[in-house]
Amino acid sequence: MTAPTGTRSSADLIRAEEPVLAHNYHPLPVVVARAEGTWVEDVEGRRYLDMLAGYSALNFGHRHPALIEAAHRQLDRLTLTSRAFHNDRLAEFAERLAALTGLDMVLPMNTGAEAVESGIKVARKWAYEVKGVPADRATIVVAADNFHGRTTTIVSFSTDETARAGFGPFTPGFRIVPYNDLAALEAAVDETTAAVLLEPIQGEAGVIIPDDGYLTGVRELTRRAGCLFVADEIQSGLGRTGRTLAVEHEGVVPDVLLLGKALAGGIVPVSAVVARRDVLGVLRPGEHGSTFGGNPLAAAVGTAVVELLETGAFQRRAAELGTVLRDGLADLVGKGVVGFRARGLWAGVDVDPAIGTGREVSKRLMHEGILVKDTHGSTIRLAPPLTITAEELRSALGVLERVLNR
Ligand SMILES: *Cc1c(COP(=O)(O)O)cnc(C)c1O
């Protein structure tokens, strides 16, 4: 008999995973047992400031009271219908999400990768039915160093060999151009192009922010070429950068918006394709679907998330505290930090490789009570819940300074 959870130590639980859990992750050696707001607690009761926030899936912190209450209320009433029937929560979710993003229609899905897959299908169908691309000839232009998820089709256009190797044959129909390079994008777009699919800020690549004018250029180019601009805001969207959407920093409205992560409030997977009616309207009954997509529990949580964002308070907070983050990181340049990129409460920090890899630095921060995640090489990513206080943020930056300079 194995002892019930709660009586086993962190070390014991980590050892227990090894033979029974697929090794597709390499987590930091911390076993989280409970969390609230910006803080998590491990099995032994040690507390950590969460500076990763589930890769932005926890923009509102752990167990935000309004989200937990919405989930509890819905759990007591109705959880799943499938889309064979209507449910009484879905209309409001779609109405309010469309209004929040300034677009017309919503296709509810579950995970981010499903939203991306759905966006690809919609763009291809639009290309054949509206643009008139010959059957099976549609292309989608994407950026190098992208991260859009882990399905077979999505890794088909990844440039990360670790994500691809061993998983072919791959889905054709994608062209890869360098990110932040309008000339290369222009050269790749032609009459077969259904869409340009991009992250407005590349998260997994290390919070890579394109030059001012790039997103505007993509918008103009796609409009001129008669193809769609699909913005993957699964990580950058919903308050993280100080605006509801990262594209708003350039006043750009994409044709198709992909949302996930924070849309789920940290409770149940919720993602969505949000688009203009003339684009998402190409789908007809039977052509696409999901058993769980748009379930009443997800719709209730998603609606509560949209309600939090409608106030604008989280976006303002991310913008204000983003200044604290940026100033704090600027002070660390030359003191263990060789460079950084930041927008809102989101930063990619390049640590001096002489100090250690991103993972080594992440481990040292963990021992000091701060949870972060490395991306590549010596880069760590900071993305705390948007509910973090200025004091917590300053204290985390202080710990980072100490860890990098001893
Ligand atoms: C996380 C992420 C995805 C994939 O989301 P999953 O829920 O993990 O499938 C897609 N695009 C971007 C930009 C992401 O950050």
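Up top you'll find the structure we're talking about.
In short, a report on the structure. In this text the structure is predicted, and so the values were computed from the model without any measurement.

Rules and cut-offs
Residues numbered from 1 in each chain as written. Predicted model: local features only at pLDDT ≥ 70, side-chain atom pairs only at ≥ 80, totals over all residues. Heavy atoms only, no water. Pairing = 2+ DSSP bridges. Helix = DSSP H or I, 4+ residues; strand = E, 2+ residues; numbered from the N terminus. Near = heavy atom within 4 Å. Polar contact = N/O pair within 3.5 Å; in protein donor to acceptor, adjacent residues only side chain to side chain. Areas by Shrake-Rupley, 256 points an atom, 1.4 Å probe, with all protein chains shown as cover. Nonpolar A, V, L, I, M, F, W, Y, C, P; charged D, E, K, R; others polar. Buried < 20%, exposed > 50% of the residue type's maximum accessible area, 1.4 Å probe, protein only. Contact = heavy atoms within 4.5 Å. Expected span 1.5 Å × (residues − 1). Arc of directions from axis to C-beta.

1. Description of the sheet that holds strand 14 (residues 373-374)
Moving on, step 1. A sheet is described by the order of its strands in space; here four strands give the open sequence 11-12-15-14, paired in antiparallel fashion. For this open sheet the edge positions go to strand 11 (337-342) and strand 14, each flanked by a neighbour on one side alone.
Moving on, step 2. Note: strand 14 against strand 15 (residues 379-382), two bridges, orientation antiparallel. By the bridge assignment for strand 15, K373 is matched with R381.

2. Examining the site of the ligand
Moving on, step 1. For the ligand, the full set of nearby residues is T111, G112, A113, F147, H148, G149, E199, D232, I234, Q235 and K261.
Moving on, step 2. The contact in question runs from an oxygen atom of the ligand to an N or O atom on the backbone of G112, over 2.8 Å.
Moving on, step 3. Between the ligand and Q235 there is a distance of 2.8 Å, counted from an oxygen atom to a side-chain nitrogen or oxygen.
Moving on, step 4. Starting from 380 Å² of accessible surface for the ligand in isolation, the protein chains cover 81%.
Moving on, step 5. Looking at the shell around the ligand residue by residue, the classes come out as three nonpolar, five polar and three charged.

3. Overview of the environment of P108
Moving on, step 1. Mapped onto the secondary structure, P108 falls in strand 4 (residues 105-109).
Moving on, step 2. Judged by its relative accessible area of 9%, P108 falls in the buried class.
Moving on, step 3. For the pair P108 and N24, spaced 84 residues apart in the sequence, the C-alpha separation amounts to 27 Å.
Moving on, step 4. In this view, P108 contacts R83, L90, S271, A272, G293 and G294; residues no more than four positions away in its chain are not counted.

4. With respect to helix 4 (residues 90-101)
Moving on, step 1. Here helix 4 spans 17 Å end to end across 12 residues, near enough to the 16 Å set by a 1.5 Å rise per residue.
Moving on, step 2. Restricting attention to buried positions, one finds in helix 4 the residues L90, F93, L97, A98, L100 and T101. Projected down its long axis, helix 4 carries its buried residues within an arc of 160°, all on one side. Of the residues in helix 4, the exposed ones pointing more than 90 degrees away from the buried face are A91, E95 and A99.
Moving on, step 3. Buried residues belonging to helix 4 abut strand 4, strand 9 (256-259), strand 10 (271-275) and helix 11 (296-310).
Moving on, step 4. After helix 4 finishes, the residue G102 shows a positive phi value of roughly 75°.

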